[in-house]
Amino acid sequence: MTVLAKSRPPERMREGKVECNACPVLCKIADGATGACDRWGNVAGDLIRVDPVLLMERAKASGTAIVPFAEGDGLSGARSYFVTGVGAGTTYPDYKPAPFIVASKQDDVDMVTVVTEGIFSYCSFKVKVDTDRYLGDEAAPIRYAGEHVGHVATAEYGSQMLNLGGVHHLTGGSKPEGRATVKMMMELGNKQPIDLEIEGGAKITVEAGKPPIVNGVPEQRMRVGCGSATIGIFAKQWWGLVDEVVVLDDHITGVLTEHQAGKCLDMPPSGIKMGGRRSTPGRYFQIANPGSGWGGTDLTDPLKCLVGFDPKVARPGLRLLITSTTGEDAAYFELDEALQPVAKPMPLALAHVIERIAENCEPSLATVLFVGGAGGSLRAGATENPVALTRSIKNRLVNVTCGGVPTYVWPGGGITVMVDVAQMPNNSFGYVPTPAIVAPIEFTMRLDDYRALGGHMDAIVSVEDLLREPHHQLAAWAGDQPWPLLPTKAPQ
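Rules used in this analysis
- Residues numbered from 1 in each chain as written.
- Predicted model: local features only at pLDDT ≥ 70, side-chain atom pairs only at ≥ 80, totals over all residues.
- Heavy atoms only, no water.
- Helix = DSSP H or I, 4+ residues; strand = E, 2+ residues; numbered from the N terminus.
- Expected span 1.5 Å × (residues − 1).
- Buried < 20%, exposed > 50% of the residue type's maximum accessible area, 1.4 Å probe, protein only.
- Pairing = 2+ DSSP bridges.
- Core = buried A, V, L, I, M, F, W, Y, C linked by side-chain atoms within 4.5 Å.
- Contact = heavy atoms within 4.5 Å.
- Polar contact = N/O pair within 3.5 Å; in protein donor to acceptor, adjacent residues only side chain to side chain.
- Salt bridge = Lys/Arg side-chain N within 4 Å of Asp/Glu carboxyl O.
- Phe/Tyr/Trp six-rings, centres within 6.5 Å; stacked < 30°, edge-to-face > 60°.
- Lys NZ or Arg CZ within 6 Å of the ring centre and 35° of its normal.
- Disulfide = S-S within 2.5 Å.

Enquirer: Just checking my understanding: could you explain helix α2 (residues 175–189) for this structure?
Expert: One turn of the α-helix equals 3.6 residues, which is why residues spaced by three or four share an orientation. Compared with the 21 Å implied by 1.5 Å per residue over 15 residues, the 21 Å span of α2 between its first and last C-alpha is a close match. Three or more residues of α2 are buried, namely E177, G178, A180, T181, V182, M184, M185, L188 and G189. Phi turns positive, to about 65 degrees, at K191, one or two residues after α2.

Enquirer: Looking at this structure, I do not really get the pairing of strand β33 (residues 415–420). What am I missing?
Expert: Put simply, side chains in a regular strand alternate between the two faces of the sheet. Across 6 bridges, strand β29 (residues 366–374) lies against β33 in antiparallel orientation. Across the sheet, A374 pairs through a bridge with I415, a residue of β33. Judged from the 2 bridges that link them, strand β32 (residues 408–409) and β33 form a sheet pairing that is antiparallel. Residue pairing for β33: Y408 is matched across the bridge by M418. The loop that links β32 with its antiparallel partner β33 comprises 5 residues; one of these, G412, has a positive phi angle of about 90 degrees.

Enquirer: When you look at the nonpolar core in this model, what are you seeing that I'm missing?
Expert: It is characteristic of soluble globular proteins that their nonpolar side chains tend to be buried jointly. Core analysis: the biggest nonpolar cluster contains 58 residues, and F125, L162, L164, L196 and F370 have the highest contact counts within it. Discounting chain neighbours no more than four positions away, the residues touching L164 are S124, F125, V127, I142, V149, G150, M184, L188, I194 and L196. Counting 21 residues, the second largest nonpolar core, distinct from the first, contains V246, L248, L306 and L320.

Enquirer: Is there a simple way to explain the pairing of strand β12 (residues 123–130) in this structure?
Expert: The buried count for β12 comes to 6 of 8 residues, which makes it a mostly enclosed element. With 7 bridges connecting them, β12 and β29 associate as antiparallel partners. Along β29, the bridge assignment pairs V127 with V368. The pairing of β12 with strand β15 (residues 159–165) spans 7 bridges and is classified as antiparallel.

Enquirer: Sorry if this is basic, but what is going on with the side chain of N190 here?
Expert: Assignment of secondary structure puts N190 in the loop between α2 and β16 (194–198). Engagement of the side chain of N190 in a polar contact is seen with the backbone nitrogen of F429, the distance being 2.9 Å. With residues up to four places along the chain from it excluded, the contact list for N190 reads N427, S428 and F429.

Enquirer: What should I look at first to understand the pattern of salt bridges in this one?
Expert: A side chain with one charge may pair with a side chain of the opposite charge, provided their charged atoms come close. Counted under the stated rule, the structure contains 16 salt bridges. Across the salt bridge formed by R79 and E57, the nearest N and O atoms sit 3.2 Å from each other. One end of the pair, R79, is in strand β9 (residues 79–83); the other, E57, is in strand β6 (residues 53–59), with 22 residues separating them in the sequence. Across the pair, E57 and R79 agree in class, each one buried. The partner of E328 in a salt bridge is R133, with the nearest N and O atoms 3.8 Å apart. Highlighted residues: E328 in the loop between β26 (319–324) and β27 (330–335) and R133 in the loop between β12 and β13 (141–144), separated in sequence by 195 residues.

Enquirer: I'm lost on the packing of aromatic side chains in this one. Help?
Expert: What characterises a pair of aromatic rings is the spacing of the ring centres plus the angle enclosed by the ring planes. One pass over the structure, following the stated rule, counts 8 aromatic pairs. Between the aromatic rings of F120 and F370, the centroid separation amounts to 5.4 Å while the plane-to-plane angle is 85 degrees, which identifies the pairing as edge-to-face. Taken together, the positions of F120 in strand β11 (residues 109–120) and F370 in strand β29 put the pair 250 residues apart, joining distant regions of the chain. As far as burial versus exposure is concerned, F120 and F370 are alike and both buried. Here the aromatic rings of F234 and W238 are separated by 6.0 Å at their centres, their planes lie at 55 degrees, and the arrangement is tilted. Here W238 and F234 lie together in helix α3 (residues 227–238), a separation of 4 residues that amounts to about one turn. Exposure remark for F234: the relative accessible area of 1% places this residue in the buried category. With a relative accessible area of 0%, W238 lands in the buried category. These aromatic residues form a ring-pair network of at least three members: F120, F125, F370 and F429. The ring of Y157 carries the charged tip of R223 above its face, separated from the ring centre by 5.1 Å.

Enquirer: Explanation requested: the state of the cysteines in the structure shown.
Expert: Structurally, a disulfide amounts to a covalent bond that connects the sulfur atoms of two cysteines. By the definition in use, this model includes 0 disulfides. As a non-bridged cysteine, C361 has C226 as the owner of its nearest cysteine sulfur, 13 Å distant. A residue is classified by how much of its surface remains accessible, and C361, at 9% relative accessible area, is buried. Free of any disulfide, C402 has its nearest neighbouring cysteine sulfur in C123, separated by 11 Å. A relative accessible area of 1% means that C402 is categorised as buried.

See below:
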């Protein structure tokens, strides 16, 4: 059971109440009640972490086989355990060792894991939304419950990027803005759907690992490529079936006969005249305005992308295919005597190529990455000399995880980590009403390396002792994730 050491009670505190010093709010909690964060409670005068600390367990390998789980073998050595920061508690007011500094053995190597829940004021979520639909202008404000909580970032290949949260929204605006931001961030991190509205753009619903919903419509496909790339990929499959292909794309629209792929296939010019701004041959920019129509443009009539056909080159009967980059929208035309495109039924052979485009489109998802700066209190929980932990991480002596999940540690100064929340245990994130996000973080290293960086050696407990405590929970390890206790090695 995680019991928080009591701070000195303030004068005139009502009888039966205790002061929680797990965060700067310093809630005065009555017996049987919890604080504002619902994470700490007063149980007979002790401050208790309401949720039990989460341990991951896996079977140990025996040769090439996996030792099966047997009831009662929890301490027999047949299984290996990793203590996560989920439910661990915090180090606030910063001078204390981490709530758990756990000794264990991996492959006959003595290991230590420093386990805590970090109070992150400097943190955000990077959200990748797989869609060609127009979500909003770059840098457009994003609102949650009417409050400004982020902005639209760059568009990437088949995706739109959103930046949500961050210290300026948490602490730099009004109280309602801070409260809305921390609520949005906690729900997003805990894999809940959140509704966002982009100024001048779309209304979207995002949930980690689920298809995004744009203006009420779930996205299905992530494009196979831009218009030019789609031309290049499928040029030979269209060859002989059609005289011209236009792949509509808000960014780069492709035209087959002008494109180098069409040239290499000796396709004669079609005489097509495109709108927009011509770039290199067969590639057009700004063919239309961005929107939720064909290829992420605002076009619902694909023929609006055409200016016409050159009568010196085009001919009646010329076969024209217009498609989007996902194949969700496609239409077939033939030129009449006046060189006007007339809609015709899609030939079966062309339909097969459109199906191939769809087959090559990956499912649309919303990917949510937590980015947090691990500052002084986190490092002080590991050592009295915080920079020693930072240097050990940069020297790859320390494995940094969040809820046991591998993180990417950004280069440069400090400890800035990034992790995929979809891989983290459920309900990993909490909050404190300062406001700030609470997230699990673990630092795992060899015992000798922990001693060398000046760690809190007298605070170390064994994982076996922790397992004997009643207030913990066990979860099976996800086999597709690397086991975080594997000994680290310094670069040669």
